[in-house]
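The lines below spell out each chain.
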Amino acid sequence: MTTPTPPPAPPARGRRRAPTRMERAAGRAAALQRPRVLLALLLLLALTCVMLLDGYLRAEVGGDERVRTGASASDVPDDVLDGGPILSFPGGQATTVSVPDKTIVLTFDDGPDPTWTPQVLEILEKYDVPGTFFLVGSMVSRHPGIVRDMVEQGNEVGVHTFTHVDLSYQSRARVTREIEQTQLALAGAAGITTTLFRAPYSSQTDAVDNYSWPVYKSLGEDGYTSVFVDTDSDDWKRPGVSKIVDWATPEDDEGASVLFHDAGGERSQTIEALPKYIEKMKAAGYTFTTVSGVMAGQQQTQQAQQTQQAQQTQQTQRPQQPGGSGGGGLQAAHHEATGATLYEGKALIAAVAVAEWTVPALSAGLVVVGVAVLGRFAMMLVLARRHHRQRNRRRFSWGPPVTGPVSVIVPAYNEKECIEATLRSLAASTHPIEIIVVDDGSTDGTAEIAESLALPGVRVVRQANAGKPAALDNGVRHARYDIVVMMDGDTVFEPDTVRHLVQPFADPAVGAVAGNAKVGNRRSLIGAWQHIEYVMGFNLDRRMYDLLRCMPTIPGAIGAFRREAVLQAGGMSDDTLAEDTDITIALHRAGWRVVYEEHARAWTEAPGSLGQLWSQRYRWSYGTMQALWKHRRSLLDRGPSGRFGRVGMPLVVLFQVVTPVFAPLIDVFTVYSMLFVDFRAALLAWLAVLGVQLVCAAYAFRLDREKYRYLLMMPLQQLAYRQMMYLVLIHSCVTALTGGRLRWQKLKRTGEVGTPAGSTGAG
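Model, not experiment: these values are computed from the prediction. (Residues numbered from 1 in each chain as written. Predicted model: local features only at pLDDT ≥ 70, side-chain atom pairs only at ≥ 80, totals over all residues. Heavy atoms only, no water.)

Engineer: I keep staring at the overall build of the protein chain and nothing clicks. Help me out?
Structural biologist: Scanning the protein chain from N- to C-terminus turns up 24 helices and 21 strands. When the 763 residues of the protein chain are sorted by exposure, 54% land in the buried category. When contacts within the protein chain are restricted to residue pairs at least 6 apart in sequence, those whose partners lie at least 24 apart make up 82%. For the protein chain, the exposed area adds up to about 33300 Å²; of that, 56% sits on carbon and sulfur atoms. (Helix = DSSP H or I, 4+ residues; strand = E, 2+ residues; numbered from the N terminus. Buried < 20%, exposed > 50% of the residue type's maximum accessible area, 1.4 Å probe, protein only. Contact = heavy atoms within 4.5 Å. Areas by Shrake-Rupley, 256 points an atom, 1.4 Å probe, with all protein chains shown as cover.)

As structure tokens, then:
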């Protein structure tokens, strides 16, 4: 039977058919979504860059822990090996300078450290003593305020590379990068650059070898002064305060460049030893200066040997040097950062600040997500088992059998490939039904195909293209019976599907029933992945939500409603992209109970390409967010609406929005840890999570009597398919934040899903 509505007039010959309302809306939607997809990808790229930057700062990315020992020094001049601790190359000639007698150059390596460096600075300020700090660039960029205070206090700073690597193993490009990045960090932190350098793992000049010598020569040609030590306190060994003081004391009133550490480990002994050492050396008549102070004094002595006038000129022109005083002016090795160096340095400090806040926040989020994911798995297993046992007891019954006829509504838009299989499966139903095909302005002859089948009880209702919610509403208005079953035009029912689906309506409190949607085209890789998702995710979730009485969605492929309940809720709204979620929440708020019937199976054609899958899941996830926002007032309502708002709404937000959005953290941190931290531990952790998921999936397959062979594809699903779902959800979140609407999107159908013959499970 057909409800007569005149079909649209055919286009005049030679003229192109005007696009329908749906096609125009789809075109506008596609144009709007492209920049949002790009923005979602840019957000993911930004997250990756932030993590790589943080890993680089912590020497986890690009770190190199190799330290060279025992190499030959045959190429190193004897004057250098036997010379003083300050090495420069004026005029290209290697020259060393020794610290004068009764003079101490206090040097500190590996900082700044937020715990120990401020305590060192406080001690130096208390005793009016300057220090020379050789700073690691990554630490400078993470703690710029400490470096700023250090320079303002009158201390001198030098480069100790950016990631604390042995430069003798590195290429020329890597050496240059280590120095330049540290200079940028200093420029951003304190507005200066420096000409002082100390190589990591260096000690006295006699330790220079054939591999490190070219590095010192190259840096010397660039104007750097390399600083070694005469006396090493060995405080990093934590030998005790008295030994640190003794080991740092020069012999026979000699001057010395003395090494301490203000970072790189637990430095409480250093903090305790430093005041005692300063007091001891001052009592012995020693003065304290910086590296620049030693070099200026040596230069002054050399020029004094020439003429008195040259000496006066030198005293007038040279910068003020600390002769035992930690003054606040710039040291001679410092140069004011200007231009691009200054701005690039500030940009580096800003980027690091973002990384310093972002990565810990993401780490905390990872803990929350991990707990939420494992909690969800535990809830699903426990509640799904309870649901299955409860609904499959021999004595379980919803009430008297429901045997009355029902109306089945099939909204269809260009479903010529699938409509015949759909209608023939309904015609084989063991429950009395009327079938209402609502043709939503199809242009491929869908309505004509439905009419030509001449199946009993089938009515075709034509309407101008208006979207799926309008088509469903039209079907509800034409329905003759109190119970309406809604399905998609590409879905196939088993003979007993309708009979199982309507039995819960024996309970007068039940307003809607969700059926068990199955992927029919599961032979392809994409289909198999969706099959796993349907069985594990959707159906286990519905069992859990059923027991908690907060089912969020009746699937569009198979759902049944009391006609009265739908009309009471205002019909199928087009306010959101997820009209099925919208109507389900509305029924909860109206006080109706929504349940899940696992035995009512429907076989649907899942998207067959990645593009179609993206389009469908984007509509689902964005529509769910819209529906949650639309019904946000339920959080404050009383009665059934308030119960859903305070129980169902938080669960849906946590498990279907928040957790999936941040779930990529698990994979991102796993890859990060595999590459840069501990590959074996990260792999074992990932396999453990995969094992938990496999257990859940296997149990879900057991409940649905599915074949386990599809679980072999689950590891690959976690590596590829799940990442795409993450991007889709991020895309949806971006759209939700920036605004935008889509209409009913049409997926390309193949019609390969047929009526399962006597199926009781998966094929």
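Okay, back to it.
Engineer: Looking at this structure, how should I read the environment of L219?
Structural biologist: Relative to the helices and strands, L219 resides in helix α7 (residues 213-221). Ignoring anything within four residues of it in the chain, the contact list for L219 reads I179, F197 and Y224.

Engineer: Looking at this structure, how should I read a nonpolar patch on the surface?
Structural biologist: Together, L525, L716 and L719 line one region of the surface with nonpolar side chains, adding up to about 270 Å² of accessible area. In this structure, L525 sits in helix α17 (residues 525-548). (Patch = residues over 30% accessible without salt bridge, like charges linked within 9 Å, V, L, I, M, F, W, Y side chains within 5 Å. Salt bridge = Lys/Arg side-chain N within 4 Å of Asp/Glu carboxyl O.)

Engineer: Would you take a moment to explain the pattern of salt bridges for this structure?
Structural biologist: Where side chains of opposite charge bring their charged atoms close, a pairing between them can arise. Applying the stated criterion to the full structure yields 28 salt bridges. Salt-bridge contacts for R424 lead to E420; the nearest nitrogen and oxygen are separated by 3.0 Å. Here E420 and R424 lie together in helix α13 (residues 419-427), a separation of four residues that amounts to about one turn. Two residues, E434 and R480, come together in a salt bridge whose shortest N-O distance is 3.9 Å. With E434 in strand β15 (residues 433-440) and R480 in the loop between α15 (468-478) and β17 (483-487), the pair connects residues that are 46 residues apart, well separated along the chain. The buried category is assigned to E434, whose relative accessible area is 4%.

Engineer: I tried to follow the packing of aromatic side chains on my own but got confused; where do I start?
Structural biologist: What describes a pair of aromatic rings is the distance from one ring centre to the other and the angle between the planes of the rings. With the rule as written, the count across this model stands at eight aromatic pairs. Measuring from ring centre to ring centre gives 5.2 Å for Y216 and F228, while their planes differ by 55°; the resulting arrangement is tilted. Separated by twelve residues along the polypeptide, Y216 in helix α7 and F228 in the loop between β9 (225-227) and β10 (231-232) bring together distant segments of the chain. F228 sits in the buried class, given a relative accessible area of 2%. Between F396 and W398 the ring centres are 5.2 Å apart and the planes differ by 80°, which places this aromatic pair in the edge-to-face class. Judged by its relative accessible area of 24%, F396 is partly exposed. By the ring-pair criterion, three or more aromatic residues cluster together here, those being F108, F133, F260 and Y277. (Phe/Tyr/Trp six-rings, centres within 6.5 Å; stacked < 30°, edge-to-face > 60°.)

Engineer: When you look at unusual backbone geometry in this model, what are you seeing that I'm missing?
Structural biologist: Trans peptide bonds make up most of the peptide bonds, and negative phi angles are found at most residues other than glycine. Residues G111 and P112 are joined by a peptide bond in cis, for which omega reads 0°. Residue position: P112 is located in the loop between β4 (103-111) and α3 (117-126). For H164, which is not a glycine, the phi torsion comes out positive at approximately 60°. When its relative accessible area of 21% is taken as the criterion, H164 is described as partly exposed. Although it is not a glycine, Y201 adopts a positive phi angle of roughly 65°. If you trace the backbone, Y201 turns up in the loop between β8 (196-197) and α7. Classification of Y201 as partly exposed rests on a relative accessible area of 42%.

Engineer: I keep staring at the side chain of D440 and nothing clicks. Help me out?
Structural biologist: For D440, the location among the structural elements is in strand β15. Within the structure, D440 has its side chain in polar contact with the side chain of Q463 (distance 2.6 Å). (Polar contact = N/O pair within 3.5 Å; in protein donor to acceptor, adjacent residues only side chain to side chain.)

Engineer: What exactly am I supposed to notice about the nonpolar core here?
Structural biologist: In this structure, L106 and Y277 are the most contacted members of the largest nonpolar core, which totals 61 residues. Y545, A700, M714 and C733 belong to the second largest nonpolar core, which has 59 residues in total. (Core = buried A, V, L, I, M, F, W, Y, C linked by side-chain atoms within 4.5 Å.)

Engineer: Explain a negative patch on the surface to me, please; I cannot follow it from the model alone.
Structural biologist: Judged by side-chain charge, D78, D79, D82 and D206 come together as a negatively charged surface patch. Mapped onto the elements of the fold, D79 is located in helix α2 (residues 78-81). (Lys, Arg positive; Asp, Glu negative; His and termini not counted. Charge placed at Lys NZ, Arg CZ, Asp CG, Glu CD.)

Engineer: Sorry, what's going on with the environment of F377 here?
Structural biologist: Checked against the element boundaries, F377 lands in helix α12 (residues 339-391). Note: C-alpha distance between F377 and C696 (319 residues apart in sequence) is 6.8 Å. Contact partners of F377, with chain neighbours within four places excluded, come to M536, V692, Q693 and C696.

Engineer: Would you take a moment to explain the pairing of β17 for this structure?
Structural biologist: Regular strands show a simple pattern: their side chains alternate between the two faces of the sheet. Counting buried positions over the five residues of β17 gives five, a clear majority of the element. Alternating residues of β17 divide into I483, V485 and M487 and V484 and M486, and every residue in both groups is buried. Summarising the sheet, β17 and strand β20 (residues 558-562) pair through five bridges and their orientation is antiparallel. Residue M487 lies in a different strand from β20, and its bridge partner there is I558. (Pairing = 2+ DSSP bridges.)

Engineer: Before we go on, may I ask you to explain the confidence of the model for the protein chain in this structure?
Structural biologist: Detailed conclusions should not be drawn from predicted coordinates in areas where pLDDT is low. When pLDDT is averaged across the protein chain, the result is 84; 85% of the residues are at 70 or more. Note on residues 313-330: pLDDT is under 50 here. Beyond four places in sequence and across chains, it has 37 contacts. Low confidence marks residues 757-763, where pLDDT is under 50. Its contacts with residues over four positions away, or in another chain, come to 19 contacts. (pLDDT = per-residue confidence, 0-100.)

Engineer: Quick question: what am I supposed to make of the packing of helix α6 (residues 172-190) against α12 here?
Structural biologist: Working note: a packed helix pair is described by the angle between its axes plus the distance between those axes. Where α6 meets α12, the closest approach of the two axes is 7 Å, and the angle between their N-to-C directions is 85°. As summarised for this structure, α6 and α12 are arranged roughly perpendicular, according to the angle between their axes. Residue-level contacts link Q181, L184, A185, A187, G188 and A189 of α6 to T341, L342, E344, G345, K346, L348 and I349 of α12. Partitioned by chemical class, the residues of the contact of α6 with α12 number seven nonpolar, four polar and two charged. (Axes fitted to C-alpha atoms, helices over the stretch in contact; angles between N-to-C directions. Parallel < 35°, antiparallel > 145°, perpendicular 65-115°, else oblique. Nonpolar A, V, L, I, M, F, W, Y, C, P; charged D, E, K, R; others polar.)

Engineer: Sorry if this is basic, but what is going on with the pairing of strand β14 (residues 406-412) here?
Structural biologist: β14 sits mainly inside the fold: seven of its seven residues count as buried. Note that β14 and β15 share seven bridges and pair parallel. Counterpart to V406 in the pairing with β15 is I433. The β-α-β motif built from β14, the intervening α13 and the parallel element β15 has right-handed crossover chirality. (Right-handed = clockwise from strand over helix to strand, strands pointing away.)

Engineer: In this structure, what is going on with helix α5 (residues 144-152)? I would like to understand it.
Structural biologist: Since the α-helix packs 3.6 residues into each turn, any two residues three or four apart lie on the same face. Looking at α5, one finds that the buried residues are P144, I146, V147, M150 and V151. Angularly, the buried residues of α5 cover 160° about the axis, an arc narrow enough to put them on a single face. Directly beyond the C-terminal end of α5, a positive phi value near 105° is found at G154. (Arc of directions from axis to C-beta.)

Engineer: Sorry, what's going on with the environment of Q153 here?
Structural biologist: Within the fold, Q153 resides in the loop between α5 and β6 (156-159). Sequence separation of Q153 and D128 is 25 residues, and the distance between their C-alpha atoms is 9.9 Å.

Engineer: In this structure, what is going on with the packing of α12 against helix α23 (residues 679-703)? I would like to understand it.
Structural biologist: Two elements in contact, α12 and α23, have axes separated by 11 Å at closest approach and are oriented at 20°. In terms of axis orientation, α12 runs roughly parallel to α23. Classified by chirality, the crossing of α23 by α12 is left-handed. Contacts between α12 and α23 pair L374, F377, L381, A384, R385 and H388 from the former with V692, Q693, C696, Y699 and L703 from the latter. Its residues placed into classes, the contact of α12 with α23 shows eight nonpolar, two polar and one charged. (Left-handed = near helix turned anticlockwise from the far one by under 90°.)

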